[in-house]
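Read off the chains here:
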Amino acid sequence: MLCLLTLTTAACGSKESKKAATNQDDKKAVALNIDTALQSRLKKFCAQPRVKGHFGLYVYDLTANKPVTAVDIDHAQPIASCTKLLASVAALNKLGADYTYRTTLYTRGKVEKDTLRGDIMLMAGLDPMLKAEDLTIFTRHLHRMGIRYIDGRCLLNLKLKEKVKAEQHWYPWDLSFSSYGILFKGPDAISTAIKRALAASGIRMKGDCELGAPSSKEAKEWTGRFRYMHPVSSVTRVMWKNSSNTKATSLLYTLGYAVNPHSNGSADAFANAGVKYIRAFLRDSLKMRDTALVIHDGCGLCTHNHLSPRALVAVLTFGYHHKPIYDQLMRNLSISGVDGTLHRLLFDPRLKGKIHGKTGTLSHPYGISSLAGYCKGADGHNLCFAFLNSEMSVLDAHVLQRKLCLILAGVDVR
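Reading guide: rules and limits
Residue numbers restart at each chain and count upward from 1, following the sequence in its written direction. Local features in a predicted model are, by the rule used here, given only for residues with pLDDT of at least 70; side-chain atom pairs are given and counted only at 80 or more, and totals for whole chains, interfaces and linings are based on all residues. Each side-chain value is derived from all of the structure's non-hydrogen atoms; neither hydrogens nor water enter the calculation. By definition, any uninterrupted DSSP run of H or I lasting at least four residues is a helix, any uninterrupted run of E lasting at least two residues is a strand, and each is numbered from the N terminus. When a residue's accessible area, from a 1.4 Å probe over protein chains only, is under 20% of the maximum for its type it is buried; when over 50% it is exposed; and in between it is partly exposed. Here, two residues are considered to be in contact whenever any of their heavy atoms come within 4.5 Å of each other. Only the protein chains shown count as covering a residue, and every accessible area follows the Shrake-Rupley method with a 1.4 Å probe. Among the buried residues, those of types Ala, Val, Leu, Ile, Met, Phe, Trp, Tyr and Cys that are joined through side-chain atoms within 4.5 Å form a nonpolar core. Lines fitted to C-alpha atoms define the axes, with helix axes restricted to the stretch in contact, and inter-axis angles between N-to-C directions lie between 0 and 180 degrees. When an angle is under 35 degrees it counts as roughly parallel; over 145 it counts as roughly antiparallel; between 65 and 115 it counts as roughly perpendicular; any other value is oblique. Residues are grouped as follows: Ala, Val, Leu, Ile, Met, Phe, Trp, Tyr, Cys and Pro are nonpolar; Asp, Glu, Lys and Arg are charged; every other residue, Gly included, is polar. One less than the number of residues in a helix, times 1.5 Å, gives the span that helix is expected to have. Identification of polar contacts relies on pairs of N or O atoms within 3.5 Å, with a donor-acceptor requirement for protein atoms, meaning one able to donate a hydrogen and the other able to accept it, and with residues adjacent in sequence counted only if both atoms are side-chain atoms. A cavity here means a set of 1 Å grid points, computed over protein atoms only, where a 1.4 Å probe fits but cannot escape. A pocket is an open set with protein on both sides within 12 Å along at least 5 of 7 lines, and lining residues have an atom within 4 Å of a point. Grid points are joined across faces, edges and corners, and a volume is the space filled by probe spheres set on the points. For this analysis, a ring pair means two rings from Phe, Tyr or Trp (six-membered ring only for Trp) whose centres lie within 6.5 Å, classed as stacked if their planes differ by under 30 degrees, edge-to-face if by over 60, and tilted for the remaining angles. In this scheme, Lys NZ or Arg CZ marks a charge over a ring once it lies within 6 Å of the ring centre and within 35 degrees of the ring normal. Per residue, pLDDT captures the predictor's confidence, and it can take any value from 0 to 100. For two strands to pair, DSSP has to find at least two bridges joining them.

**Things to note about the overall build of the protein**
So, point 1. Scanning the protein from N- to C-terminus turns up 13 helices and 15 strands.
So, point 2. With the C-alpha coordinates of the protein rotated into their principal frame, the extents come out at 85 × 65 × 40 Å.
So, point 3. Considering the protein as a whole, with its 414 residues, one finds that 51% of them fall into the buried category.
So, point 4. For the protein, long-range pairs separated by at least 24 residues make up 71% of all intrachain contacts whose partners lie at least 6 apart in sequence.
So, point 5. Put simply, the protein shows about 19600 Å² of open surface, and 53% of that area lies on carbon and sulfur atoms.

Printed below as a string of structure tokens:
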């Protein structure tokens, strides 16, 4: 239909038609212009005296597909938890934004009166949201089946066959082991949790919990499936809004398993495969091939993680152009003055609800503070930005970040 309309207009050749087409083109051209007033305010902001330290800023107009302001955008700096942006967008690209974690309980054998003459099996993936107390969801299901005694064992069919480990270059206090989901605490912890859940549901078990998986011949023997699920969005929500390092590391393991499902099930294997994919995503999908860009983990606790403002904007731009990922980013990133890490940092009535972003903060061994995200400009255009500060006081960096966000939101800052 569009082709037919174009041919007809060309054939008529009327002055009115040509004038209308010209006006339409002019309007389109105007719509694609960047906000020069914003550009001017940002220029003044960047020129103002500030405390010593590294300063890198890239503001990009996604609607016009043009840069607005660029200051030292290729200087790779430590970015702390803004690493989570790259890692999670890479993971969503591989897994799909609609990825769902599944944990399933199976039974084998016959139920006679109140006794299961057989075994139970927990087939568990890498759900970071599953807690020890959640296992009663499965044991209550057994109770509803009329089972009070299991004349057999519990088979633990696990993807991760050991507990999560600290990543390279982490500080000893950075592994908040207690905050991880039960599936990341190792087979012994899972076994203990299942026994407690069975007892809480009034069920006794003759045998013990054993690590293993049924053979292909035995697979048909397992029935009575009961499944518990969490969407990946429940993980990214906590990971982005509250900057959860444990959820970020768990998602890295999920990515690692998706990349290499035939690994030995070790924590190192999952972490290494996940990081390898993130590096490839940065290089191949985002076309960021500067050797100064370094990624060691998925959460940002490693101070050796270095990205540039250009690389972070590339992550945000990729997310913007992939609707399922962008929808999740806009729902689950922290919102200024509303929730998450931006609740207090950008608690200003003039900013409430206007910035969707991710913070990154580390105070050891020196000040690292980063902020990246999306904002609607005063002209209605969609903007994304990456603002990196390092080797300066985190408090000083926060002052700069608040001022930048006010400018981006169109607030007159003097």
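**Quick look at the nonpolar core**
So, point 1. Judged by nonpolar contacts, the single largest core of 89 residues is most densely connected at L86, I150, I194, L286, L307, L312 and Y374.
So, point 2. Setting aside residues no more than four positions away along its own chain, L312 makes contact with I79, C82, L85, L307, A372, A386 and L388.
So, point 3. Listed in part, the 30 residues of the second largest apolar core include L38, V59, A64 and L383.

**Some details on the packing of helix α4 (residues 83-95) against helix α9 (residues 267-285)**
So, point 1. Their axes nearest at 9 Å, the elements α4 and α9 cross at an angle of 90°. Relative to α9, the element α4 is oriented roughly perpendicular. Seen from α4, the contacting residues are L86, A87, V89, A90, N93 and K94; seen from α9, they are Y277, I278, F281 and L282.
So, point 2. Of the residues assigned to the contact of α4 with α9, the class counts are 8 nonpolar, 1 polar and 1 charged.

**Quick notes on the environment of I150**
So, point 1. Along the polypeptide, I150 turns up in strand β6 (residues 149-150).
So, point 2. In this structure I150 comes out as buried when scored by relative accessible area, which is 0%.
So, point 3. Spatially, the C-alpha atom of I150 lies 6.2 Å from that of R204, the residues being 54 residues apart in sequence.
So, point 4. In this view, I150 contacts L116, G118, I120, L142, L198, I203, R204, M205 and K206; residues no more than four positions away in its chain are not counted.

**Remarks on α9**
So, point 1. For α9, spanning 19 residues, the distance from its first C-alpha to its last is 26 Å, which sits close to the expected 27 Å at 1.5 Å a residue.
So, point 2. Of the positions making up α9, those classed as buried are A267, F270, A271, A273, G274, V275, Y277, I278, A280, F281 and L282.
So, point 3. Its buried side turned inward, α9 meets α4, α8 (245-259), β11 (306-307) and α10 (309-320).
So, point 4. A positive backbone phi angle near 60° is found at K287, which sits one or two residues after α9.

**Some thoughts on the side chain of S369**
So, point 1. Here S369 is to be found in strand β14 (residues 368-376).
So, point 2. Polar contacts involving the side chain of S369 include one to the side chain of Q401, which spans 2.9 Å.
So, point 3. With residues near it in sequence (within four places) discarded, S369 still touches G360, T361, F387, L388, N389, V394, A397, H398 and Q401.

**Concerning the layout of surface pockets**
So, point 1. One number sums up the size of the largest pocket: a volume of about 220 Å³.
So, point 2. Lining the largest pocket are 15 residues, and of these Y99, R102, G125, L126 and K159 sit closest to its centre.
So, point 3. Within the residue set of the lining of the largest pocket, elements represented by two or more residues are β4 (100-112), β5 (115-124) and α8.
So, point 4. Tallying contributions element by element places β4 first for the lining of the largest pocket, with 4 residues.
So, point 5. The class makeup of the residues in the lining of the largest pocket is 8 nonpolar, 4 polar and 3 charged.

**Here's the deal with the packing of aromatic side chains**
So, point 1. Overall, the coordinates contain 14 aromatic pairs when judged by the stated rule.
So, point 2. Ring plane angle 75° and centroid distance 6.0 Å describe the contact between Y58 and Y60, whose orientation is recorded as edge-to-face.
So, point 3. By relative accessible area, which is 8% here, Y58 ends up buried.
So, point 4. Since its relative accessible area comes to 13%, Y60 is described here as buried.
So, point 5. Taking 6.0 Å as the distance between ring centres and 55° as the angle between the ring planes, the aromatic pair formed by F184 and Y253 counts as tilted. Highlighted residues: F184 in the loop between β7 (154-158) and α6 (187-200) and Y253 in helix α8, separated in sequence by 69 residues.
So, point 6. Judged by relative accessible area, F184 falls into the buried class, the value being 0%.
So, point 7. Over the ring of F55 we find R50, and its NZ or CZ is 3.7 Å from the ring centre.

**Thoughts on the confidence of the model for the protein**
So, point 1. Looking at the protein as a whole, the pLDDT averages 90, with 91% of positions reaching at least 70.
So, point 2. The low-confidence segment residues 1-30 (pLDDT under 50) makes 2 contacts with residues lying over four places distant or belonging to another chain.

**Description of the sheet that holds strand β13 (residues 355-362)**
So, point 1. Spatially, 6 strands are ordered β2-β1-β15-β14-β13-β12 in an open sheet, and the strand pairing comes out antiparallel. Taken across any chain shown, the strands that pair with only one partner, and hence form the sheet edges, are β2 (66-71) and β12 (334-335).
So, point 2. Relative to β13, β12 runs antiparallel, the two sharing 2 bridges. Residue pairing for β13: I335 is matched across the bridge by H356.

**Looking at helix α5 (residues 136-144)**
So, point 1. Residues of α5 that are buried: T136, I137, F138, T139, H141 and L142.
So, point 2. Tucked inside the fold, the buried residues of α5 contact β4, β5, β6, α6 and β10 (223-231).
So, point 3. Two residues or fewer past α5, G146 is found with a positive phi of approximately 90°.

**Description of the pairing of β13**
So, point 1. A large share of β13 lies buried, amounting to 7 of its 8 residues.
So, point 2. As paired elements, β13 and β14 share 8 bridges and run antiparallel to each other. What sits directly across from K358, in β14, is A372.

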